[in-house]
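Each chain, written out:
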Amino acid sequence: MRVLAIAIANLRRMLRERSNIFFVFIFPIAVILLIGVQFGGGVDPVVGLVAPEQGGLAGSVADAVRASEEVDTRDFDSEEALVKAVERAEVQAGFFIPADLREVVARGETAEIGFVVRPDGFGPQLRAVVASAISKVMQPVGAAQFATAETGRDFDTALDQARALGVNLAGIEVETSTVGEALFPPTLGRFDLGASQQLVLFTFLTALTGSAALILSRKLGISQRMLSTPTSAGTIVAGESAGRFAVAFLQGIYIMGLTWVIFRVDWGEPLGAILILFVFSAVGAGAGMLMGAVLENDQQAAGIGVVAGLGLAA
C-alpha cells in the first residue's frame, strides 16, 4: 500500500504542474496531427485549372483531367487567381488550357498548355498525372495533323476519323506487383505511422525527464522525511519507480486511446499493444530512476533526459 501511495503522490505532483499538462497530454497529440497532415498517406492533391467553356478540344482536355482518379480538380476564372492559389498552397498545382487550342493544332502548330507548381511540393508527380490525362485526348490530334499535312484533308474530318480508329486499337496493359513484403501494409492510415512513432518517443521522454522530480524530492528533503517514518528504503525506491512508470504508462494509454477515437489509428491487437507499451514504460522508468540517482541537478537531468529520450526512442 505504501508503494502505491508514493506512486500516486508522484502522479499528483505531475498533474499539478501546469506545464506537464501541456507536454504530456496536449503536445503529443498536436505533433501526431501535424505529422499526419504534412507527411501522412491518403493525401488527395488538388489541381486547379483554367479552361474555356465546355465543348471543343479544350473542353475535352479539361474533362480528361477532371476524370482522373489520382487528383481532384478545382476550376478558376483567371490565370491570376490560379497562380495565387498555388502560391498560397490552396491547390498543389495548376494548368491553363488556351481557348484557341483547336485553332492552333488545326494549323499544325504546337499548342502550349501552361503548368504551375510550388517548388516544395510534389510537382513532378502531378505533372505526370496531368500529362497522362491530356495525352489521351491529344494523341488523335497528332494523327489528324499528320493526315491533314499529307493528304490535305480537312482537320476536323481527319480528327474524327483518328478518334474512331483509336477506339478499335488495342491498348497497352500495365500490371504492377510488389516483390517480397511491402514495408507498410496497404491499410496503413494517414496517422498510424506517426502515432506509433510519437508514442514511443514520448514514453521515453516523459520517463527520463521525470528523473528531475526524483532529484527535486531528494533536494527538498522529501526522501529523508520518508526514511524517518516506518518505511524501508526498498519501499521508497519501489514507490518512486512505480511513480515514474505510472506517468509514462498512463500517457501512453492516453495517446493510444485518443488517437484511436479522433484519428482512427489502428493499434492492432489491443492486448499486444498494451504489453509492448508496458515494457517500454518499464524500461523508461528504470532509466529515469538511474538518472535520478546519479545526477544531482534537476535541470541537468531534464536536459539529458530529452537527449537520451530521443536516442532511446530512435
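Residues numbered from 1 in each chain as written. Predicted model: local features only at pLDDT ≥ 70, side-chain atom pairs only at ≥ 80, totals over all residues. Heavy atoms only, no water.

Trainee: Quick rundown of the overall build of the protein chain? Include the residues and the values.
Mentor: Check the secondary structure of the protein chain and you find 13 helices and four strands. For 314 residues, the compact-globule estimate of 2.2 N^0.38 gives 20 Å, and the C-alpha radius of gyration of the protein chain, at 31 Å, exceeds that figure by more than 25%. Expressed as a percentage of the 314 residues in the protein chain, the buried residues total 34%. For the protein chain, restricting intrachain contacts to residue pairs at least 6 apart in sequence, the fraction spanning at least 24 positions comes to 73%. Working note: accessible area of the protein chain is about 18,700 Å², and carbon and sulfur atoms make up 61% of it. With 22 positive and 31 negative side-chain charges, the protein chain shows a spacing of 18 Å between the two charge centroids. (Helix = DSSP H or I, 4+ residues; strand = E, 2+ residues; numbered from the N terminus. Rg over C-alpha atoms; globule rule 2.2 N^0.38 Å. Buried < 20%, exposed > 50% of the residue type's maximum accessible area, 1.4 Å probe, protein only. Contact = heavy atoms within 4.5 Å. Areas by Shrake-Rupley, 256 points an atom, 1.4 Å probe, with all protein chains shown as cover. Lys, Arg positive; Asp, Glu negative; His and termini not counted. Charge placed at Lys NZ, Arg CZ, Asp CG, Glu CD.)

Trainee: How would you summarise the packing of helix α8 (residues 192–209) against helix α12 (residues 270–294) if you had to cite specific residues and measurements?
Mentor: At a minimum axis separation of 7 Å, α8 and α12 run at an interaxial angle of 30°. Classed by the angle they form, the pair α8 and α12 counts as roughly parallel. Both α8 and α12 take part in a crossing whose hand is right-handed. Residues L199, V200, T203, F204, A207 and L208 of α8 touch α12, and the partners they reach there are L277, F280, S281, V283, G284, A285, A287, G288 and M291. Among the residues forming the contact of α8 with α12, the class breakdown is eleven nonpolar, four polar and no charged. (Axes fitted to C-alpha atoms, helices over the stretch in contact; angles between N-to-C directions. Parallel < 35°, antiparallel > 145°, perpendicular 65-115°, else oblique. Left-handed = near helix turned anticlockwise from the far one by under 90°. Nonpolar A, V, L, I, M, F, W, Y, C, P; charged D, E, K, R; others polar.)

Trainee: Any details on the pattern of salt bridges? Residues and values, ideally.
Mentor: Overall, the coordinates contain seven salt bridges when judged by the stated rule. Measuring nitrogen to oxygen at the nearest pair gives 3.8 Å for the salt bridge that ties D298 to K219. Remark: K219 occurs in helix α9 (residues 211–219) and D298 occurs in helix α13 (residues 298–313); sequence separation between them is 79 residues. Among the ionic pairs, R244 bridges to E240, the shortest N-O distance being 3.2 Å. Taken together, the residues span about one helical turn, with R244 and E240 both in helix α11 (residues 233–262) at a distance of four residues. Take R244: its relative accessible area is 5%, and that puts it in the buried class. What makes E240 buried here is its relative accessible area of 4%. Bridged by salt links that share partners, the residues D63, R66 and D75 form one connected network. (Salt bridge = Lys/Arg side-chain N within 4 Å of Asp/Glu carboxyl O.)

Trainee: Describe α8, naming the residues involved and giving the relevant values.
Mentor: Here α8 contains 18 residues, and its C-alpha end-to-end distance of 26 Å stays within 8% of the 26 Å for a straight helix at 1.5 Å per residue. Within α8, 13 of the 18 residues are buried, which leaves the element mostly enclosed by the surrounding structure. (Expected span 1.5 Å × (residues − 1).)

Trainee: So what's going on with the sheet that holds strand β1 (residues 46–50)? Residues and values would help.
Mentor: The four strands lie next to each other as β2-β1-β3-β4, forming an open sheet whose pairing is mixed. Two strands close off the open sheet at either side, each with one partner strand: β2 (72–75) and β4 (114–117). Mean inter-strand twist for the sheet, computed between neighbouring axes without regard to direction, equals 25°. Sheet topology note: the strand β3 (residues 93–96)/β4 ladder contains four bridges and is antiparallel. Counted as the bridge partner of F95 is F115 from β4. Along the sheet, helix α6 (residues 123–151) contacts β1, β3 and β4; its crossing angle with β4, the most-contacted strand, is approximately 155°. (Pairing = 2+ DSSP bridges.)

Trainee: Summarise the nonpolar core; cite the residues concerned and give the values.
Mentor: Within the largest apolar cluster, 23 residues are counted, with the highest numbers of intra-cluster contacts made by F95, I97 and L101. When residues of this core are traced back to their parent elements, those giving at least two are β1, α3 (56–66), β3, α5 (101–106), α6 and α7 (155–168). Ranked by residue count, the leading element in this core is α6, at seven residues. With residues up to four places along the chain from it excluded, the contact list for F95 reads V47, G48, L49, V50, V65, L82, I113, G114, F115, V130 and I134. Of all hydrophobic cores here, the second largest spans 19 residues; its members include I32, F191, F263 and L277. (Core = buried A, V, L, I, M, F, W, Y, C linked by side-chain atoms within 4.5 Å.)

Trainee: Run through the pairing of β3, naming residues and quoting values.
Mentor: Burial along β3 is two-sided: A93 and F95 and G94 and F96, pointing in opposite directions, are all buried. Inspection of the sheet shows β1 paired to β3 by four bridges, in the parallel sense. Following the sheet pairing, V47 is matched in β3 by A93.

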